[in-house]
Amino acid sequence: MKPLAIFGGTFDPVHLGHLSVAWEASELLDADVRLMPASVPPHRPAPTASAAQRVAMLRAALQGQSRLTLDTRELERAGPSYTIDTLIELRAEQGARPLVLLIGADAFAGLPGWHRWRELFDLAHIGILSRPGVGVVLPDELQREIADRRVDTAAALCEVAAGNVIDLAVTPLEISATRIRELLASGREPRYLLPAGLFDDFDLLSPYRSRR
């Protein structure tokens, strides 16, 4: 059964760095990938753009392909966007289908700070989006938790529904959403940092443009 992978974030705005790693992960895992914008991220400031504005940008960015799709459930749920709640919902919907939570290597190193983090392994595999040749130091408690969970092949993720960890070497695009917001606020147009579809409608990027 083809895995379902989940790639979350604020997507404020969605940019080519997000889409590139999600696409590569989809190819490496032979998985469908859902981009899942967070409503109230527990570990960072609230997004600049509203939920509706971020959904509109994602829909524009994802046109013309079917490998990456949009899932808005976290925006429709009240309160902080805890990953554990999302995975519980998806597991109930998907049955025994393998689920893969895609996380950047730096974020994965901070996993012990996540809400009910050990339970995540009961619900999904974790795919660590890593840069080739660049390692990240993991805290001892996380190293102990994953010591017997690492697998080397995507096929291994299809044998069980959850519980494994795999490294996914993806091509890093050094694109910063913060920098994009700064450029737009200063009146510049970061055309080759953002999906082309976001420039088709001037209003899509209006949350970031200067109102002076």
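Look a little higher up for the structure.
Note that the structure is a prediction, hence the values are computed from the model and not measured.

Digging into the nonpolar core
Inference 1: The biggest cluster of nonpolar side chains holds 37 residues, and the ones touching the most others in it are Phe-7, Leu-35 and Leu-102.
Inference 2: Taken together, the elements giving at least two residues each to this core come down to β1 (4–9), α1 (16–29), β2 (32–37), α2 (51–61), β4 (99–104), α8 (154–157), β6 (165–169) and α9 (177–185).
Inference 3: For this core, the element with the highest residue contribution is α1, accounting for five residues.
Inference 4: Ranked by size, the runner-up nonpolar core spans 24 residues in total, among them Leu-4, Ala-105, Ile-126 and Ile-146.

What about the pairing of β2?
Inference 1: Among the six residues in β2, five count as buried, and that is most of the element.
Inference 2: Across six bridges, β1 lies against β2 in parallel orientation. Bridging across to β2, Gly-8 finds its partner in Met-36.
Inference 3: Each parallel crossover has a hand, and the one from β1 via α1 to β2 is right-handed.
Inference 4: Across three bridges, β2 lies against strand β3 (residues 68–70) in parallel orientation. When the bridges of β3 are listed, Leu-35 appears paired with Leu-70.

Quick look at the side chain of Asp-71
Inference 1: Position of Asp-71 relative to the elements: it lies in the loop between β3 and α3 (73–76).
Inference 2: Residue classification places Asp-71 among the buried positions, given a relative accessible area of 6%.
Inference 3: Only 2.9 Å separates the side chain of Asp-71 from the side chain of Arg-34, close enough to count as a polar contact.
Inference 4: Dropping the residues within four chain positions of it, Asp-71 is found in contact with Arg-34, Leu-35, Met-36, Pro-37 and Leu-90.

Cut-off values and rules
Residues numbered from 1 in each chain as written. Predicted model: local features only at pLDDT ≥ 70, side-chain atom pairs only at ≥ 80, totals over all residues. Heavy atoms only, no water. Core = buried A, V, L, I, M, F, W, Y, C linked by side-chain atoms within 4.5 Å. Buried < 20%, exposed > 50% of the residue type's maximum accessible area, 1.4 Å probe, protein only. Helix = DSSP H or I, 4+ residues; strand = E, 2+ residues; numbered from the N terminus. Pairing = 2+ DSSP bridges. Right-handed = clockwise from strand over helix to strand, strands pointing away. Polar contact = N/O pair within 3.5 Å; in protein donor to acceptor, adjacent residues only side chain to side chain. Contact = heavy atoms within 4.5 Å.

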